[in-house]
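Observations on the model geometry
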Number of protein chains: 2
Amino acid sequence: MFELTSTDLLGRLGTIKTAKGTIRTPCFVPVVHPVPDKNLIDVSTFQSVFDVDLIITSSYILRKRFAEKKLNLHELTSFSGPIMTDSGAYQALVYGKIDITPENAISYQELIESDFGVPLDIPISKNDSYSIAQQKIETTLERCKNIVNMKQDSDIIWLGPIQGGKYLDLIEKSAITISGIDTFGMFAIGSVVEIMNDYRYDILLEMILTAKQFLDPAKPIHLFGAGHPSIFPFIVAAGCDSFDSASYALYAQDDRYITNTQTFLLEDLEAFPCSCPMCLSSTPQVLKQQTKKARMRFLAAHNLYACQAEIRNIRRAIYSGTLWELLENRATAHPNLKKGFDVLKKYSTLLSKNAPSTKRKGVFLLSENSFYRPELLLHKKRMKNIQFGERKKLFLISLINSTISETYSLVKLLKEIIINNQFISENYEVWLLDPYFNIIPLEINEVYPLVQYIGSGNISKEKIKNDILNSLKFIDSNNFKRIIILGELGPINSIINQQKLFQKLKIESIGFSFKDSKINIVRDIINNLIKF
Amino acid sequence: MFELTSTDLLGRLGTIKTAKGTIRTPCFVPVVHPVPDKNLIDVSTFQSVFDVDLIITSSYILRKRFAEKKLNLHELTSFSGPIMTDSGAYQALVYGKIDITPENAISYQELIESDFGVPLDIPISKNDSYSIAQQKIETTLERCKNIVNMKQDSDIIWLGPIQGGKYLDLIEKSAITISGIDTFGMFAIGSVVEIMNDYRYDILLEMILTAKQFLDPAKPIHLFGAGHPSIFPFIVAAGCDSFDSASYALYAQDDRYITNTQTFLLEDLEAFPCSCPMCLSSTPQVLKQQTKKARMRFLAAHNLYACQAEIRNIRRAIYSGTLWELLENRATAHPNLKKGFDVLKKYSTLLSKNAPSTKRKGVFLLSENSFYRPELLLHKKRMKNIQFGERKKLFLISLINSTISETYSLVKLLKEIIINNQFISENYEVWLLDPYFNIIPLEINEVYPLVQYIGSGNISKEKIKNDILNSLKFIDSNNFKRIIILGELGPINSIINQQKLFQKLKIESIGFSFKDSKINIVRDIINNLIKF
């Protein structure tokens, strides 16, 4: 059912096949009111005009309105693609008690021919104490285990609801239990609306990443209530394959105009910074003069175009392996997004699990945030496990300098020189000391992206010092019998003295700057080392 | 002729009135081939479909093709709005000598009824030595001074060409001379194409900012050859009001797709991350199957939509006073943009000249880059010049802490407490020590944006220490007779000891964290100070 074509971080480009049509992931799922004329956009145009693959609507509202009358969801909404329904959990959170049993919730979604359904779970409010949250989870999980007895045989794909709120251990428990129930074809993380409303993207991402670790990777993950498109790249990077939101319409009701990173009040706009058909057809000055209804319909359509464009942008980024760059860029849009990004950085090891071993593009190391890229951490982890061979002498070429921003051509030349120098290549380990990846054995320099990067060339001195110290400690632990250091020495010698490293060894070093030196000088120095 | 409605940094939202129509600034000026069928987009649709106000074409190519035959530029190009022509300078740079005199260049632009013309200037190549560049400048300036004698009376707005290449003192000289010639209604900075091609945005911005300082602010500034839209916000922030580029078409010729920050090869695209009419009408997979000609036309149209959308986005940012945030965001897209941004940061004082004293939105302080915002520097500069009154006692409330991200409500409450405490308000200067703006006299806290900010809440300890040191030195120079420090003490006391500050004074301090403390506790502490 769920097929992948590319991955980047925990983001997955793929398709979910259903009887009613194929859903491309990551997928934005607009929330639709089940009563057609309550929507600001004609839902019959969702597929043809807005390229929507999947919608979600509330089975609870439907049942309240039409009782148990048999009706066809697709005809009612005039949407012929797959439709997801929720069970009333959100209403339960907002209104307290609701008038439906777990059995009803299942049978009603079957009656109206939902394509994706969900058992009646109990969402957790941000104000719930731990013990209340725990009780709610127990009830939800009991109902989920029981779904086999409640459901008929049908084509419905059931979503396993993951609850737990801010209590990460409850999310873990919930995810482990739900992941073990075969009936579920997909998972859904809930109880995030209040957290979204408070812009607590840090908590949101902790929740998603916690769940993700314990969920069967073969099944897609949905997020109930994703809010504003500025958060889309982050929740995709954390492992969500689809997510619904009503924000395109809700924002429109308040004269708010959405972009991929921001929200503007119509009255604050001098021009529409977008090329969608709506924005090209009018100006803020003209729109302000129109009726409330006309403004809402206009803005809802623009907002939906904006959400869909960001989804295509995320797909593009996964395909080209540049999702991290997208996150770094989006994180500059608001301090709360930055705090969310900081959580992703903490989980960098988890994010590196699916990292492609090679990408279409070199990597941009743009800021201090880039030091948390999975590729950097993976390399450092690998280095700890590498076994080094017979050559007990080390030749360390230091490129570490706060202003070096790329090493590609330099390393290529160095490699030629070393390969042509039999004495060195037979007797010495040759390692680079790189400003971003730190220690790189020259033999593996072609591993992506050890030299396929462009840095911003302004690393703090603090960071450089710290990296040198860790690299030297690592070298020291390898018990070399001779060490020659060549190139950008910076604070290397003073760190060796201060930290009393290499006590049994006299380090030989020749310092020069790769910035100023012609590679010929480097060649001469290296070739002259034969005479040592 | 040039009227402004809003400014932000050196960016100017306004209009240039011409006989052929109004030009909105900042303005993107597409380069058009004078022979209609050589263009990838039908120029007659430029105004109605692409919202283009002004185009530029080469009078040199026209003259070569049609000799001195009288022709009407607007009919030929099928563009009824204002048209700018260049004189052949670019061809001179590419082909060496060209076959035209300075007098010819002027009279020919008059003959074909250009709306904006330029004298035959001599561009400077990046390989030109200083003395060659100097000679070229002399010749260009001589011709410019002579323009009064060469030109007829006509409606043409003449552009004064600023040359100098990477030699900033030549740019300065050129700008001073040109700015003094009344005939010019507008200025144009040249010789940037090679620099653009090398992505040396740092040199580019140095050039623009140097010229800007010496040019009459009443006249608009054009940039010849602005390249990719990712640089647009930066050149606008540096003072350019219009800029031409052929990149929308040139990139299309190589199957390249432009966004506001990036360029993609069509073959690397999985989806179009844009909502323009072109992108909504197709997919990369479909477009790849089409003919070269169809692909070029499609991509040129998309690329032009993308350039125009970024222009509207820049206008929006100037209008709402958020151009700096836009720069911070765009600077994360590529290390070379970051280097360009670093140049703007250096010129922060110049950028603050037109800063509005209040804006529609609070300020986001997103990263270390935000410390260079004009508002921060302006405040620090003002503080140095403030005269303090009779009250020779200081009450310093320290909010400096690396994790405090906003102070708005806290400062409001503090102000109430202080105003209600007659003893303190009569006898003490009350200053805040703020993590971003450092010293803020409580009396002026309502000056924008001293408390209207949201920070990212992760300032480095290094930076905090340095700011505290400078603030304490400033306080020390004010010879207070008593100083009470309250709140986040952090390293304050240890810095006082280390640096031997306040030698004649015993500093009284009460430390607590505003994060944990309820404001009531703060109120009690402050009110109890009466008893001192």
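First, a word on scope: everything that follows refers to the structure included in this document. No experiment lies behind these values; they were computed from the predicted model shown. (Residues numbered from 1 in each chain as written. Chains lettered and ligands numbered in written order. Predicted model: local features only at pLDDT ≥ 70, side-chain atom pairs only at ≥ 80, totals over all residues. Heavy atoms only, no water.)

1. A closer look at the overall build of chain A
Going by this rule: Secondary structure is summarised from DSSP: a helix means a run of H or I of at least four residues, a strand means a run of E of at least two, and numbering begins at the N terminus for each. Each residue is assigned to one of three classes by its accessible area relative to the maximum for its type, calculated with a 1.4 Å probe on protein chains only: buried under 20%, partly exposed between the two thresholds, exposed over 50%. In what follows, a contact means two residues having at least one pair of non-hydrogen atoms within 4.5 Å. Note on areas: these come from Shrake-Rupley sampling with a 1.4 Å probe, and a residue is covered only by the protein chains present in the view.
When you go through chain A residue by residue, the secondary structure sums to 23 helices and 20 strands. For chain A, buried positions account for 60% of its 532 residues. Long-range contacts, defined here as pairs at least 24 residues apart, represent 72% of the contacts in chain A between residues at least 6 apart. When the accessible surface of chain A is totalled, it reaches about 21400 Å², and 50% of it is carbon and sulfur.

2. Considering the side chain of Ser 58 of chain B
Residues and elements named next belong to chain B. Here is the rule: By the criterion applied in these results, polar contacts are pairs of N or O atoms within 3.5 Å in which, for protein atoms, one can donate a hydrogen and the other can accept it, and in which residues neighboring in sequence qualify only through two side-chain atoms.
Considering the arrangement of structural elements, one finds Ser 58 in strand 5 (residues 55-58). A polar atom in the side chain of Ser 58 sits 3.3 Å from the backbone nitrogen of Tyr 60. Ser 58 has contacts with Pro 34, Asp 86 and Gln 91, leaving out every residue within four places of it along the chain.

3. Focus on the pairing of strand 17 (residues 438-441) of chain A
Residues and elements named next belong to chain A. Selection criterion: Paired strands, in this sense, are two strands between which DSSP finds at least two bridges.
Of the strand pairs in this sheet, strand 16 (residues 428-434) and strand 17 are connected by four bridges, and their pairing is antiparallel. Its bridge partner being in strand 17, Asp 434 is matched across the sheet by Asn 438. Hairpin connection from strand 16 to strand 17: three residues lie between these consecutive antiparallel strands.

4. A closer look at helix 4 (residues 102-111) of chain A
Looking at helix 4 of chain A, one finds that the buried residues are Pro 102, Ala 105, Ile 106, Tyr 108, Gln 109 and Glu 110 of chain A. Summarising the contacts, the buried residues of helix 4 of chain A are in contact with helix 1 (59-66), strand 6 (83-86), strand 7 (116-117), helix 5 (130-145), helix 6 (147-150) and strand 8 (157-162) of chain A.

5. Notes on the pairing of strand 6 of chain A
When a strand is regular, its side chains alternate between the sheet's two faces. Residue and element names in this part refer to chain A. In strand 6, alternate side chains face the same way, and those of Ile 83 and Thr 85 on one face and Met 84 and Asp 86 on the other are all buried. As judged from the four bridges shared by strand 5 (residues 55-58) and strand 6, these two strands associate in the parallel manner. By the bridge assignment, Ile 56 is partnered in strand 6 with Met 84.

6. What to know about empty space enclosed by the protein
The criterion, for reference: Each cavity reported here is a set of points on a 1 Å grid over the protein atoms alone in which a 1.4 Å probe fits but cannot get out, each pocket an open set with protein on both sides within 12 Å along at least five of seven lines, and each lining residue one with an atom within 4 Å of a point. Grid points are joined across faces, edges and corners, and a volume is the space filled by probe spheres set on the points. Each residue gets one label: Ala, Val, Leu, Ile, Met, Phe, Trp, Tyr, Cys and Pro are nonpolar, Asp, Glu, Lys and Arg are charged, and the others, such as Gly, are polar.
Throughout the structure, instances matching the rule amount to five cavities of 30 Å³ or more. Its boundaries defined by the atoms lining it, the largest cavity holds a volume of some 960 Å³. Looking at the largest cavity, it is lined by 49 residues, and the ones nearest its centre are Asn 260, Pro 273 and Arg 330 of chain A together with Asn 260 and Arg 330 of chain B. Looking at the lining of the largest cavity, the elements with two or more residues in it are helix 14 (292-320) and helix 15 (323-330) of chain A together with helix 14 (292-320) and helix 15 (323-330) of chain B. In terms of residue count, the dominant contributor to the lining of the largest cavity is helix 14 of chain B (seven residues). Its residues placed into classes, the lining of the largest cavity shows 21 nonpolar, 20 polar and eight charged.

7. Some remarks on the relation of the copies chain B and chain A
To keep things clear, this is the line we draw: When the copies are overlaid, the least-squares fit takes in C-alpha atoms only where the residue has pLDDT of at least 70 in both copies.
The two copies are related by a screw operation: chain B maps onto chain A through 180° of rotation and 0.0 Å of translation along the axis, at an RMSD of 0.0 Å. Accordingly, the operation relating the two chain copies is best matched by a two-fold axis. Among all residues of chain B, the minimum C-alpha distance to the rotation axis is found for Cys 276 of chain B, at 2.4 Å. A symmetric contact is evident, with 100% of the interface residues of chain B recurring at the interface of chain A.

8. Thoughts on the environment of Pro 102 of chain B
Residue and element names in this part refer to chain B. With respect to the element layout, Pro 102 can be found in helix 4 (residues 102-111). A C-alpha to C-alpha distance of 9.6 Å links Pro 102 and Asn 146, two positions 44 residues apart in sequence. For Pro 102, the contacting residues outside a window of four places in its chain are Leu 120, Arg 143 and Met 150.

9. Describing the pattern of salt bridges
All names here are of chain A. The criterion, for reference: By convention in these notes, a salt bridge is any Lys or Arg side-chain nitrogen within 4 Å of a carboxyl oxygen on Asp or Glu.
Enumeration according to the criterion identifies 38 salt bridges over all chains in this entry. Glu 113 is the partner of Lys 70 in a salt bridge, and the nearest nitrogen-oxygen pair spans 3.2 Å. Of this pair, Lys 70 sits in the loop between helix 1 and helix 2 (73-77) while Glu 113 sits in the loop between helix 4 and strand 7; the two residues are 43 residues apart in sequence, bridging distant segments of the chain. For Glu 113, a relative accessible area of 34% puts it in the partly exposed group. The partner of Glu 310 in a salt bridge is Arg 330, with the nearest N and O atoms 2.9 Å apart. Residue Glu 310 is found in helix 14, and its partner Arg 330 is found in helix 15; the two are separated by 20 residues along the sequence. Taken individually, Glu 310 and Arg 330 each receive the classification buried, so the pair is uniform in this respect. Here the salt bridges share partners, and the residues they tie into one network are Arg 24, Asp 51 and Asp 53.

10. Focus: the interface of chain B and chain A
Size of an interface, as often reported, equals the accessible area lost when the parts are brought together. Here is the rule: Summed over both partners, the accessible area lost on bringing two parts together, with a 1.4 Å probe, is the buried area.
In this assembly, 42 residues from chain B lie in contact with 42 residues from chain A. Carbon and sulfur atoms supply 58% of the area that chain B and chain A bury against each other, a total of about 3700 Å² over both sides. It is Glu 270, Arg 312 and Arg 316 of chain B in chain B that bury the most area against chain A; as a group they hold 16% of the surface buried on that side. At the boundary of chain B with chain A, the tally comes to nine residue pairs in polar contact (both at pLDDT 80 or more). When residues of the side of chain B that touches chain A are traced back to their parent elements, those giving at least two are strand 13 (263-265), helix 12 (277-280), helix 14, helix 15, helix 16 (335-346) and strand 18 (453-455) of chain B. With seven residues, helix 14 of chain B is the single largest residue contributor to the side of chain B that touches chain A. Partitioning the side of chain B that touches chain A into residue classes produces 18 nonpolar, eleven polar and 13 charged.

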